[in-house]
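# Per-entry structural report
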Amino acid sequence: MIKAVVFDCDGTLVDSEPHSWAAWKTVLGGYGVEITDEQISQCTGLGYHDTYTFVAALSDAELPAPEPLLEELLAALGASYERGLRRFDDAVGAVADLAFEGIPLAVASSSHRARLDLTLGAADLARYFDISVAGDEVAGGKPRPDVYLRAAELLGTKPGNCVAVEDSGPGAQAGIAAGMRVIGVGRR
């Protein structure tokens, strides 16, 4: 029996990925690192540290350590969101309907906590989710099931009683590995 729904955020609830790509390009460009859309797309669904490792390997340029670079990325991302962060109407409608029906909801994201909070706040979605789990709060990022297992734990239910809503392959793999039913959302 389904008792809770756990949503991915980026690409599922909001169209934040173009903003993320723009932020990465802007920040890396300041260090002389050029990155293509194809290279960035290889990071879709990955957590911050995996993405940092990937982009750091693309160039001999000296990048700051991950945490200081994250601060720059969040500033660039916030500036990009101010130009318009698109919420997916179908997902937002589903979230609102589920919340109205009293279905417990959570977010399970590969994003770093600061980025997840920034995104949910900019999209005015934080009010629907009492529970959210960020990629930096668990041992393993997607496709490992850690974020989904933690979300189910915080929801007070078994993973098999949850539905995961995902837009990426690694995210769907994580939901399945957690033992959840997975609804795949095709946004591309």
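Residues numbered from 1 in each chain as written. Predicted model: local features only at pLDDT ≥ 70, side-chain atom pairs only at ≥ 80, totals over all residues. Heavy atoms only, no water.

### Details of helix α1 (residues 17-29)
Under the convention used in this document: Secondary structure is summarised from DSSP: a helix means a run of H or I of at least four residues, a strand means a run of E of at least two, and numbering begins at the N terminus for each. In a helix, the anticipated span is given by 1.5 Å times the number of residues less one. Here's how the labels work: a residue is buried when its accessible area is under 20% of the maximum for its type, exposed when over 50%, partly exposed in between, all with a 1.4 Å probe on protein chains only. Note that the arc is computed from the directions linking the helix axis to the C-beta atoms. Pairs of residues are marked as contacts when any of their non-hydrogen atoms sit within 4.5 Å.
Here α1 contains 13 residues, and its C-alpha end-to-end distance of 18 Å stays within 8% of the 18 Å for a straight helix at 1.5 Å per residue. If you check which residues of α1 are buried, you get Glu17, His19, Ser20, Ala23, Trp24, Val27 and Leu28. With its buried residues spanning 155° around the axis, α1 presents them on a single face. Packing partners of the buried residues in α1 comprise α3 (48-56), α4 (66-82) and α6 (113-122).

### Topic: the pattern of salt bridges
Put simply, the test is: We define a salt bridge as a side-chain nitrogen of Lys or Arg found within 4 Å of a carboxyl oxygen belonging to Asp or Glu.
Scanning all chains against the criterion turns up ten salt bridges. Glu137 is the salt-bridge partner of Arg113, the closest N and O atoms lying 2.7 Å from each other. A residue pair is termed long-range when its members are at least 10 positions apart, and Arg113 in helix α6 and Glu137 in the loop between β3 (131-133) and α7 (146-155) qualify at 24 residues. Taking the relative accessible area as the measure of exposure, Glu137 reaches 42% and is therefore partly exposed. Of the charged contacts in the structure, one is a salt bridge between Arg144 and Asp146, with a shortest N-O distance of 3.5 Å. According to the relative accessible area criterion, Arg144 is partly exposed, its value standing at 47%.

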